[in-house]
Each structure stands twice: as C-alpha cells, then as structure tokens.
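Examination of the molecular architecture
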Amino acid sequence: MTPRPAPTARRLRLATELRKLRERAGLTSTEAAKLLGTSSGQLSNVESARFGVSPDRIRAMAGVYSCTDQSYVDALVEMAAEKPRGCWWDAYRDVLPSGFLTLAELEHHATALRTAFTVHVPGMLQTPDHAREIFRHVIPSPTPPEVEHRVSHRVKRQDVIYRASPHPYSTVIHEAALRMRVGGRSVARAQLQHLLDIGERNHITIRVLPYDVGAFPGSGQSINYLYGPVPQLDTVQLDQFHGPLLLDAEAHLEKYRLLLNLVESIALDPPKSRDLIHSIAQDL
C-alpha cells in the first residue's frame, strides 16, 4: 500500500464503501484487521483513503466481510485498479474550488445522469453566454479571468453528453427557470433554442414542470443524481451556497430516486415540454 496525499473523489468513495462493508459485517476495525492479517492502523488508513488498496485486497475484504454481491465487488475492484493519470479537470485545480473538480470527476465516471432544477437551467445544458452571466453574479464577485475559468470548466463538463458514447441524460426544469431572462432577451432566447436543439438527441430527455402544478416535492432544490455501475455506487449532489453536498447513504439514494420519480410524474411529457419551451421563446 502506498500513500496517496491527495485522493480523488473516486478513491474517497472506494474508502467509504470499504468502511460500509466492514460495518455491515458487524466488525470493528480491530477485529477486521486481525482477520485480514493487517493492523487496525493500516485498515484505518485504507478506510480514510490515506492509503490505496489493491484489487486482490478488495476481494479478500469482501470474503472476510461475507459480501456475496459479485457485481458490487467487481465494481469496487475496478475502482481500485484504476491508475491515476492526468484528467482535464486537473488543469483547474489551482483556479477553481475543489467542488467543481469533484463534480466533473463524478460526472465523468457516471453511467447516467438525472437532474431536477427549479430556478436554473441545468449546467449540463447551459450555453456559454448563459453560464457566463450566472457566474458574474457569484458572491464574492469573481474577477473576469475567474469567470472565464468557470465557464470553460462548465463547457468541458458537457462533454459527457456530447461524446461518441454519451451518458443518458434526463432532466426536469421548472418553468420559472425558463422564463428568467438571464443575460437579456438575446442570451435567453439562444438558451431556449439550445434546449430545443439538444432535446432532439435520443439520449437526452427534457421535461418541464409548469407553473400550473403548484407545490411539488423538492421545490427550491436542485438535484443531480449520478448513476454508478451498480446502485450502491450512485451519488446525489445537491447545490449549497457554500459548495456541492454529496450524499451516498442508501437511505438518501432511495429518497432522491423516489423524489425524482414523483417530480417526473407531474411534469409535462417531452413533446409537451418542447411546445412550452418554444412558446416561451416566442414570447421573448
């Protein structure tokens, strides 16, 4: 095992899952370390992502912890086997908050993305001009170069829905977000046209939640649900004023899957959503 002074989001998640496995088995770190032939200190370092862990050790842990979910174990093994190499978001490490990098990494490794937004167009679907206007209003006010770093980072994040084998992407956007004239009429109109254009892609589903629905579950909250290779490795990301909040507890994942199901069930279907977006664009 070698020290990893700056663990990635994936390494941190792997460490969390190994701790969950041990706890589900009802073992203390001392008991588990003895069964694994290591020290409790070394095991603690693995479970806190201070040390890496080999694929063989993952399988040994799964055996000691009586985990029989082979798909889950294989997914953990794959995470452990990944070799650190330069990723595009690393170029932003010294110029953007760490939450930006974490979200980009999680989106890159996700198998599908599902979102719901009340007051903003999803970042994954924003035009550069729309994103630029949003970032200009961040508190504390960023400098012009900082704004451009954020815009370019957002645009590069969108590669996951544009590349050759894109992620399936599904979103619910409240009508309020579509009617906000972010950047003025011209920018707002271009943003709505972008939604109409990108909504034509087979792997992208856009639903609109109209004003008529009134109150609804999760109102006022922006939700990013990132699917992993197995359900246990899904992640929920919530926007907070101080930065993104990541949730991966089973109860949280179940709650937000249910919430998204409910919101989607009361939203307009994609054809009617498209009609409403077109109508709003014509009103500008």
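Above this text sits the structure in question.
This report concerns the structure included in the present document. (Residues numbered from 1 in each chain as written. Predicted model: local features only at pLDDT ≥ 70, side-chain atom pairs only at ≥ 80, totals over all residues. Heavy atoms only, no water.)

**Thoughts on the packing of aromatic side chains**
Applying the stated criterion across every chain, the model contains four aromatic pairs. Taking 5.6 Å as the distance between ring centres and 80° as the angle between the ring planes, the aromatic pair formed by Trp88 and Trp89 counts as edge-to-face. Residue class for Trp88 comes out partly exposed when judged on its relative accessible area of 28%. Judged by centre distance (4.7 Å) and plane angle (55°), the ring pair of Tyr225 and Tyr227 falls under tilted. In this structure Tyr225 comes out as buried when scored by relative accessible area, which is 0%. Through pairs of rings, three or more aromatic residues link up here, namely Trp88, Trp89 and Tyr92. (Phe/Tyr/Trp six-rings, centres within 6.5 Å; stacked < 30°, edge-to-face > 60°. Buried < 20%, exposed > 50% of the residue type's maximum accessible area, 1.4 Å probe, protein only.)

**Comments concerning the packing of helix α1 (residues 9–24) against helix α3 (residues 40–47)**
Where α1 meets α3, the axes come as close as 7 Å, and the angle between the chain directions of the two elements is 130°. Considered as vectors, α1 and α3 are oriented oblique to each other. Along its contact with α1, which presents Ala15, Thr16, Leu18, Arg19 and Arg22, the element α3 presents Leu43, Val46 and Glu47. Of the residues contributing to the contact of α1 with α3, the split by class is four nonpolar, one polar and three charged. (Axes fitted to C-alpha atoms, helices over the stretch in contact; angles between N-to-C directions. Helix = DSSP H or I, 4+ residues; strand = E, 2+ residues; numbered from the N terminus. Parallel < 35°, antiparallel > 145°, perpendicular 65-115°, else oblique. Contact = heavy atoms within 4.5 Å. Nonpolar A, V, L, I, M, F, W, Y, C, P; charged D, E, K, R; others polar.)

**A word on unusual backbone geometry**
Working note: non-glycine residues mostly have negative phi, and peptide bonds are mostly trans. Following Ile139, the chain continues to Pro140 via a peptide bond in cis, the omega torsion being -5°. Along the chain, the position of Pro140 falls in the loop between α7 (128–136) and α8 (144–157). Residues other than glycine seldom take positive phi values, yet Ala49 does so here, at roughly 65°. Relative to the helices and strands, Ala49 is located in the loop between α3 and α4 (55–64).

**Comments concerning the side chain of Glu107**
Relative to the elements of secondary structure, Glu107 occurs in helix α6 (residues 98–109). Taking relative accessible area as the criterion, Glu107 reaches 3% and is therefore assigned buried. Looking at Glu107, its side chain comes within polar contact range of the side chain of Arg157, at 2.7 Å. Glu107 has contacts with Leu113, Met124, Arg157, Val160, His167 and Leu226, leaving out every residue within four places of it along the chain. (Polar contact = N/O pair within 3.5 Å; in protein donor to acceptor, adjacent residues only side chain to side chain.)

**Some thoughts on the nonpolar core**
With 27 residues, the main nonpolar core has Leu125, Ile161, Leu178, Leu192, Leu195, Ile206 and Ile277 as its most contacted residues. Ranked by the residues each element gives to this core, the list is headed by helix α10 (residues 185–198), at five residues. When residues no more than four places from it in sequence are discounted, the contact partners of Leu125 are Gln158, Ile161, Tyr169, Thr171, Gln191, His194, Leu195, Ile198 and Ile206. By size, the runner-up hydrophobic cluster in this structure holds 24 residues, among which are Leu18, Ala32, Ala33 and Ala80. (Core = buried A, V, L, I, M, F, W, Y, C linked by side-chain atoms within 4.5 Å.)

**Structural notes on the environment of Gly199**
Positionally, Gly199 belongs in the loop between α10 and β3 (204–209). When its relative accessible area of 32% is taken as the criterion, Gly199 is described as partly exposed. Not counting residues up to four positions away in its chain, the partners in contact with Gly199 are Ile204 and Ile206.

**What about the pattern of salt bridges?**
All chains considered together, the criterion is met by 18 salt bridges. Where Arg13 meets Asp248, a salt bridge forms, and the shortest distance between an N and an O atom there is 3.7 Å. Taken together, the residues Arg13 in helix α1 and Asp248 in the loop between β6 (245–247) and α11 (250–266) connect sequence positions 235 residues apart. Overlapping salt bridges bring together Arg13, Glu17, Lys20 and Asp248 as one network. (Salt bridge = Lys/Arg side-chain N within 4 Å of Asp/Glu carboxyl O.)

**Quick look at α11**
Compared with an ideal rise of 1.5 Å per residue, which puts 17 residues at 24 Å, α11 spans 25 Å between its outermost C-alpha atoms and is within 8% of the ideal. Within α11, the full set of buried residues consists of Leu253, Tyr256, Leu259, Leu260, Val263 and Glu264. Buried residues of α11, seen end-on, are gathered within an arc of 130° and therefore sit on one face of the element. Among the exposed residues of α11, those pointing more than 90 degrees away from its buried face are Glu250, Ala251, Glu254 and Ser265. In this structure, the buried side of α11 is in contact with β1 (112–117), β2 (169–174), β3, β4 (223–227), β5 (235–238) and β6. (Expected span 1.5 Å × (residues − 1). Arc of directions from axis to C-beta.)

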